[in-house]
Amino acid sequence: MNGGHMYWGFAALIGFGLLAPVAGIYPTFLMKCWCFALFACAFNLLLGYTGLLSFGHAAFLSVAAYVAGHTIRNLGFGPEWGILAGTLSAGVLGYVFGSLAIRRAGIYFAMITLALAQMLYFVWLQMKFTGGEDGLQGVPRGMLFGLIDLSDNTNLYYLVFAIFLAGFFLIHRVIHSPFGQVLQAIRENEPRAISLGYDVDRYKLVVFVLSAALSGLAGATKTLVFQLASLTDAHWHMSGEVVLMTLLGGLGTVFGPVVGAFVIIGLQNQLADKVGSWVQVIMGIIFVICVLVFRRGIVGELGRLLKRPL
Amino acid sequence: MADTDYILETRGLTKAFSGFVAVDGVDLRVRRGTIHALIGPNGAGKTTCFNLLTRFLAPTNGTITFNGRDITRMRPAAIARLGLVRSFQISATFPHMTVLENVRVALQRKTGISMHFWKSGRVLDRLNGRALELLEAVDLGAFAGAMTVELPYGRKRALEIATTLALDPEMMLLDEPTQGMGHEDVGRVVDLIRKVAVNRTVLMVEHNMNVVADLSDTITVLARGAVLAEGPYAEVSRNSRVLEAYVGSEQVGSEQVGSEQEEAT
Ligand SMILES: Nc1ncnc2c1ncn2[C@@H]1O[C@H](COP(=O)(O)OP(=O)(O)OP(=O)(O)O)[C@@H](O)[C@H]1O
Ligand SMILES: [Mg+2]
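Residues numbered from 1 in each chain as written. Chains lettered and ligands numbered in written order. Predicted model: local features only at pLDDT ≥ 70, side-chain atom pairs only at ≥ 80, totals over all residues. Heavy atoms only, no water.

J.: Help me understand the domain arrangement of chain B, please; the structure alone is not making it clear to me.
T.: Many descriptions give the size of an interface as the accessible area lost when the pieces come together. All names here are of chain B. Per the domain assignment, the segments of chain B are domain 1 (1-90 + 171-265) and domain 2 (92-166). Centre-to-centre, using C-alpha coordinates, domain 1 lies 26 Å away from domain 2. Listed per partner, the contact involves 21 residues of domain 1 and 13 residues of domain 2. Here domain 1 packs against domain 2, burying approximately 1,400 Å² in sum over the two surfaces, 62% of which is carbon and sulfur. Taken together, the connections running from domain 1 to domain 2 amount to one salt bridge. For arginine 188, the salt bridge goes to aspartate 139, with nearest N and O atoms at 4.0 Å. Our count for the domain 1 to domain 2 interface comes out at six residue pairs in polar contact (both at pLDDT 80 or more). Those elements giving two or more residues to the side of domain 1 that touches domain 2 turn out to be strand 7 (84-86), strand 8 (171-175) and helix 6 (183-196). Examining the composition of the side of domain 1 that touches domain 2, we find that six residues originate from one element, helix 6, more than from any other. Looking at the side of domain 1 that touches domain 2 residue by residue, the class counts come to nine nonpolar, four polar and eight charged. (Domains from an automatic or database assignment. Contact = heavy atoms within 4.5 Å. Buried area = accessible area lost by both parts, 1.4 Å probe. Salt bridge = Lys/Arg side-chain N within 4 Å of Asp/Glu carboxyl O. Polar contact = N/O pair within 3.5 Å; in protein donor to acceptor, adjacent residues only side chain to side chain. Helix = DSSP H or I, 4+ residues; strand = E, 2+ residues; numbered from the N terminus. Nonpolar A, V, L, I, M, F, W, Y, C, P; charged D, E, K, R; others polar.)

J.: Explain the packing of aromatic side chains to me, please; I cannot follow it from the model alone.
T.: Each aromatic ring pair is specified by the distance between its two centres and by the angle formed by the two planes. Evaluated as defined, the whole model comprises 28 aromatic pairs over all chains. When the centroid spacing of 6.2 Å and the interplanar angle of 85° are considered together, the rings of tryptophan 124 of chain A and phenylalanine 129 of chain A count as edge-to-face. On the basis of relative accessible area, tryptophan 124 of chain A is assigned to the buried category, the value being 5%. Judged by relative accessible area, which is 23%, phenylalanine 129 of chain A ranks as partly exposed. For the pair phenylalanine 161 of chain A and phenylalanine 164 of chain A, a centre-to-centre distance of 6.4 Å together with 15° between the ring planes defines the contact as stacked. Of the two residues, phenylalanine 161 of chain A and phenylalanine 164 of chain A both sit in helix 6 (residues 153-175), three residues apart, roughly one turn of that helix. A relative accessible area of 1% means that phenylalanine 164 of chain A is categorised as buried. Taken together, the ring pairs in this structure connect Tyr7, Phe10, Phe16, Trp34, Tyr157, Tyr158, Phe161, Phe164, Phe168, Phe169, Phe255 and Phe262 of chain A into an aromatic cluster. A cation over a ring is seen here: arginine 86 of chain B above phenylalanine 56 of chain B, with NZ or CZ 4.8 Å from the ring centre. (Phe/Tyr/Trp six-rings, centres within 6.5 Å; stacked < 30°, edge-to-face > 60°. Buried < 20%, exposed > 50% of the residue type's maximum accessible area, 1.4 Å probe, protein only. Lys NZ or Arg CZ within 6 Å of the ring centre and 35° of its normal.)

J.: How should I be thinking about the sheet that holds strand 4 (residues 35-39) of chain B in this particular structure?
T.: Whether parallel or antiparallel, the strands of a sheet pair through hydrogen bonds between backbone atoms. Residues and elements named next belong to chain B. With respect to topology, six strands assemble into an open sheet ordered 7-8-9-4-10-11, the strand pairing being mixed. Since the sheet does not close on itself, it has two edges, and those belong to strand 7 and strand 11 (226-231), each with one partner. Strand-to-strand twist of the sheet, defined as the mean angle between neighbouring strand axes without regard to direction, takes the value 15°. Summarising the sheet, strand 4 and strand 10 (residues 218-223) pair through four bridges and their orientation is parallel. (Pairing = 2+ DSSP bridges. Axes fitted to C-alpha atoms, helices over the stretch in contact; angles between N-to-C directions.)

J.: Which parts of the structure should I look at to understand the pairing of strand 5 (residues 61-66) of chain B?
T.: Along any regular strand the residues' side chains alternate between the sheet's two faces. Residues and elements named next belong to chain B. As paired elements, strand 1 (residues 6-17) and strand 5 share five bridges and run antiparallel to each other. Its bridge partner lying in strand 5, leucine 8 is registered against phenylalanine 66. Inspection of the sheet shows strand 5 paired to strand 6 (residues 69-70) by two bridges, in the antiparallel sense. Paired with phenylalanine 66 across the strands is arginine 69, a residue of strand 6. Joining the antiparallel neighbours strand 5 and strand 6 is a turn of two residues, in which asparagine 67 adopts a positive phi near 55°.

What follows is the structure, given as structure tokens:
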């Protein structure tokens, strides 16, 4: 399955990531894209490779964003600790949500994750440390390991890109691991996987926690980029956006979520000044087109043309 | 213990679907090392029985004992791990995995590395030899690298059996293993079942009476959820109540048995 063409894809991705800021693309925009690309890849691990549709992934992005912001700004730890604490908190929250939701299948699973994420939204709104509507502002970027100054945009950019790559390749590894084989079996025929003796709920829980933690990694990193954690991260729009990025790019493809994230963030960037809140309508239209005529997404369709899984 | 003679026993096994009783007080006893057939007209409750035995459905009433152990309340995956493994009426494979991977994912379970998400998939390559052996046993060796979705139906059923065998179960439940197969495939599967039943117990649902007559030591006839008759083929096939149940059953069921009996003569 993992043919040589994949390595060209990886090389292109790395090459692009290394050269894009040099080529003059606005680094903050790129960093935002990498954060969301990682978020979408984590989501894809769950929906694309396991068949679980979570509609509450904003919860993991936001918990990590707030915890990272709190750890760095209020507790005074370095950025690496903020990212670590954020990622772990998202993993723990993933364990809690997963334990509650995984026994339910299909739409019920989606509804429970949505309900739990909404509850968390109101918790954030009420709590003091999140800054409510204003958000948790002014998070210092600080010095990575006490050595590298992250207030320098270039340094921060390469850190964000490295974090993205680490998450991206971890997900790739998971998909092709012995565990990934079982996930695929569960997705393709769950009753059969059960009849082979697999406790499918345990596998689902583990992949849910992984996906949550990686979403958290994206959220914590994003806090560093914008020096801000806000309610936007926790809103259900965010849960919807990650679904859209994944579907548009190509569900169950390796590169799809990355492409989807760049396209959506790019469009939002371009359109926000010109059409204002119409941007939501345009996103909606893209979603409909995607579902109706473009099922495989950009990378999925490309893979079909090339007759290769991408 | 006299119990050890029977590998699987049910007492008063009952399943009601919101008022409709699909399985009604079934006492089934399967003797160790035999091939036992469960037959009956369409809708008799055979598949529901299988779902109860493997806990894919929770019984409304009754108990199930496997190897002297009460498994009535166990989870389905745990029952499979005890060595009671089922197949499905409609072929159950993993369509977008290769034929080899289908068998390998079954072999993988006992290695204990199935949770290892950080390991390269290459560690599974050491199972390839055994997987190929199993595929050879069902004449699928040449298809090892093919995508399962592309196999013809009969081959998929054979792959399903190979996958089940990968678990080396003490007892196999086969739900219509020859359904939808051409003549040659049926012959192949019959030979295969006979071969694999040498050191295990098989309980199978089957509509093809030739296959039933050919393979089974004991037959249990189910009609409207209840046991109608039990015994060896020669006995059961002469039982007037059995013949009546088939004739009296819905059109599809009677036609099917009728045609198979013609074939037999
Ligand atoms: N989940 C369910 N809910 C309601 N009724 C069901 C359910 N499953 C099965 N039944 C009903 O129970 C009865 C027995 O079904 P079952 O599938 O066990 O029959 P069967 O003997 O396997 O038939 P066939 O030979 O056609 O496979 C049927 O009338 C069926 O409609
Ligand atoms: Mg049936």
